[in-house]
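Structure assessment
Now for the letters of each chain:
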Amino acid sequence: MAKSKKAEAPEYDQDAWEYLTYAPGHKCSACMRTVKPLEPVRRGTIDRTSGSPAVVYRHAETCPTTKAVAV
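I will try to describe carefully the structure that is included in this document.

Quick notes on the rules
Residues numbered from 1 in each chain as written. Predicted model: local features only at pLDDT ≥ 70, side-chain atom pairs only at ≥ 80, totals over all residues. Heavy atoms only, no water. Helix = DSSP H or I, 4+ residues; strand = E, 2+ residues; numbered from the N terminus. Buried < 20%, exposed > 50% of the residue type's maximum accessible area, 1.4 Å probe, protein only. Polar contact = N/O pair within 3.5 Å; in protein donor to acceptor, adjacent residues only side chain to side chain. Salt bridge = Lys/Arg side-chain N within 4 Å of Asp/Glu carboxyl O. Pairing = 2+ DSSP bridges. Axes fitted to C-alpha atoms, helices over the stretch in contact; angles between N-to-C directions.

Looking at the element boundaries, Arg58 is found in strand E3 (residues 54-59). Here Arg58 falls in the buried class, since its relative accessible area comes to 12%. Within the structure, the side chain of Arg58 is placed 2.7 Å from the side chain of Ser29, a separation counted as a polar contact.

Taken as a whole, this structure holds one salt bridge when the rule is applied. Glu18 serves as the salt-bridge partner of Arg43, at 2.2 Å between the closest nitrogen and oxygen. Here Arg43 is found in strand E2 (residues 40-46), whereas its partner Glu18 is found in the segment before strand E1 (19-22), with 25 residues between them in sequence. Of the residues examined, Glu18 reaches a relative accessible area of 39% and is grouped as partly exposed.

Now for the sheet that holds E1. What the three strands build is an open sheet, ordered E1-E2-E3; its pairing is antiparallel. Of all strands in the sheet, those with a lone pairing partner are E1 and E3, marking the two edges. Geometrically, the sheet is characterised by an average inter-axis angle of 45 degrees between neighbouring strands, direction not taken into account. Sheet topology places E1 next to E2; four bridges connect them, and they run antiparallel. Along E2, the bridge assignment pairs Thr21 with Val41.

As structure tokens, then:
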């Protein structure tokens, strides 16, 4: 029986932010807080093992909370 390749977790290039925007209602991928209206965030994408890239948003400056979650 042939061994199948193990799926790798998606990696994100921290320097690949596309642009600064506003995304109220979305969650910051670092602190997992909901983005408030008029709160600037950076937009980026991460490659997934299956399907098209996923869009992620992160606070532009620093996350308002100290809780950080790995992507």
